[in-house]
Amino acid sequence: MDRIIYSSAKALAQAIRTKDISSEEVVEAYLQRIEEVNPKLNAIVQLQANEAREQAQKADTALARGDIKGPLHGVPFTIKDNVETKGIISTSGTKGRSSFVPARDATIVARMKAAGAILLGKTNLPEFALGYESDNLVYGCTSNPCDISRTSGGSSGGEAAIITVGGSPLGLGNDAGGSIRIPSHFCGIAGIKPTAGRVPLTGHFPSPFGHIIPLWQAGPMARFVEDLILTLPIIAGVDWRDPAIVPMPLGDPDTVEINKLRAAVYTDNGIIPPTPETVRVVRKTARVLSDAGMTVTEDMPEGIEQSFWFENAMFEADAGYWIEKSLQVAGTTEIHPWTKGILEECHSKARSSAEFSELMIQLDMFRSKMLSFMENYDVIICPVCAYPAMNHGTSFENFLAFSYTMTYNLTGWPAAVVRAGTSPEGLPIGVQVVARPWREDVALAVVQYIEKVFGGWQPPQF
């Protein structure tokens, strides 16, 4: 079974197409693994076992006729619970939606199914995806398979946990402040936050409208970078619903010449210093890339130390209206303490319309300054987080640690994560590779090279 559950989605797709293995065998192996590990992790919150078996049988029957649905024909996947799925309870971690069943799939779910993928189930998150720990009043808390006393991260923590331990080959998350990258780093897998405007958020809840939505992007998570490369083109592109999506072509990572790239490297963003082990991993990565011919310079954008303030100012700017409106739409009256804490912060930071306009002006100036820095570089190499996976319940007191990812939600640039080292406690340490706008191909090519050198994901002792 290990051969199946620890394979890449790309390898599974190829094996199914050549009939070396059936989709039914693949789906059954993953369902067995979920049954084995999920009681300890609480990562899968809605399991679609019978439906997945039925879809796998249909996939094998279609293949026997010579009918291949798409590049993920017969391959299972999981998806974060704030992404709506037709006929399956989709809570977004809030009690008002504890029995809500959508009438249609979100755009990215429909695109995965059209590519032949089979949905195994939904994965855990914080309420409305507003947190760095996957804990809510509907389903409870998700643990990290590398150490169950620690969080798997948030907000795509359920995805990261189940992928890490071989319960799913591939998943989809979303990221407004690190919600794909932090769990990938905490659990030791790969993930990418695409450029803002690349992947539709249609069918996400809360809905993809309002002033903070430019911070929010959806993207793939997997054990192997090759699966990010396989999946991103499937879910990207205009859907004629999400008004932010731009019809921008995707580049091919295979055509990127690593030795011609220019990289800026920093280990301390001026907000909070990372652990010594994190610094060593980032510097070791920089040396490896330099040895590969990349021009590597120790440098950091001016003003990056404002990232934490800007990210929080954006969430607080409407005095909590966006969250309160979402609670109202969901019908939620009992909210998670983390959500309550965020609302209290928002209420205390109410801004006038003039102050809000000034904030947006300052943010555009910050983005302009950041963009001018990238005129001289193709990528930035930096930490994902100041620390490896934290103990349950400690993320709020360590909130500054997440500022390393917040920066690139503010800019909207693509940022990928891959494991490149290990902490003294045996926890994964990832590196963050940020590229110019619309150059996901460059970010993916670099993290794939890092994965090749350092090995990337490692199966946890679980």
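To be clear, the structure that these remarks concern was listed above.
Residues numbered from 1 in each chain as written. Predicted model: local features only at pLDDT ≥ 70, side-chain atom pairs only at ≥ 80, totals over all residues. Heavy atoms only, no water.

Asker: I tried to follow the side chain of Asn-409 on my own but got confused; where do I start?
Answerer: Tracing the backbone shows Asn-409 in helix H14 (residues 403-411). Taking the relative accessible area as the measure of exposure, Asn-409 reaches 0% and is therefore buried. Of note is the side chain of Asn-409, whose polar atom sits 2.5 Å from the side chain of Arg-181. Residues within four places of Asn-409 in sequence aside, it is in contact with Asp-175, Ala-176, Gly-177, Gly-178, Arg-181, Lys-193, Pro-214, Leu-215, Gln-217 and Glu-311. (Helix = DSSP H or I, 4+ residues; strand = E, 2+ residues; numbered from the N terminus. Buried < 20%, exposed > 50% of the residue type's maximum accessible area, 1.4 Å probe, protein only. Polar contact = N/O pair within 3.5 Å; in protein donor to acceptor, adjacent residues only side chain to side chain. Contact = heavy atoms within 4.5 Å.)

Asker: How should I be thinking about the environment of Thr-142 in this particular structure?
Answerer: With respect to the helices and strands, the residue Thr-142 is situated in the loop between strand E5 (140-141) and strand E6 (143-144). As for Thr-142 and Gly-157, which are separated by 15 residues in sequence, their C-alpha atoms are 7.0 Å apart. Within the local environment of Thr-142, its side chain forms a polar contact with the side chain of Asn-124, the two groups lying 3.0 Å apart.

Asker: It is not clear to me how the layout of surface pockets should be interpreted in this structure. Could you clarify?
Answerer: By rolling a water-sized probe across the atoms, one finds the places where empty space is left. Approximately 520 Å³ is the volume attributed to the largest pocket. The set of elements that each furnish at least two residues to the lining of the largest pocket consists of helix H10 (307-316) and helix H12 (337-348). Top contributing element to the lining of the largest pocket by residue count: H10, with 7 residues. Its residues assigned to classes, the lining of the largest pocket shows 15 nonpolar, 7 polar and 5 charged. Forming the walls of the second largest pocket are 18 residues, and the residues nearest its centre are Gln-55, Lys-69, Lys-113, Ala-117 and Ile-118. Of all the secondary-structure elements, those providing two or more residues to the lining of the second largest pocket are helix H4 (49-64) and strand E3 (118-123). (1 Å grid on protein atoms, 1.4 Å probe; cavity = no way out; pocket = protein on both sides within 12 Å on 5 of 7 lines; lining within 4 Å. Points joined across faces, edges and corners; volume = space filled by probe spheres on them. Nonpolar A, V, L, I, M, F, W, Y, C, P; charged D, E, K, R; others polar.)

Asker: What exactly am I supposed to notice about the pairing of strand E14 (residues 415-422) here?
Answerer: In the case of a regular strand, side chains alternate between the two sheet surfaces. With 7 of 8 residues buried, E14 lies mostly within the body of the structure. Relative to E14, strand E9 (residues 190-193) is paired through 3 bridges, and the arrangement is antiparallel. Within E14, the position partnered with Ile-192 by the bridge is Ala-416. Between E14 and strand E15 (residues 428-435), which pair antiparallel and follow one another directly, the connecting turn spans 5 residues, one of which, Gly-426, has a positive phi of 85°. (Pairing = 2+ DSSP bridges.)

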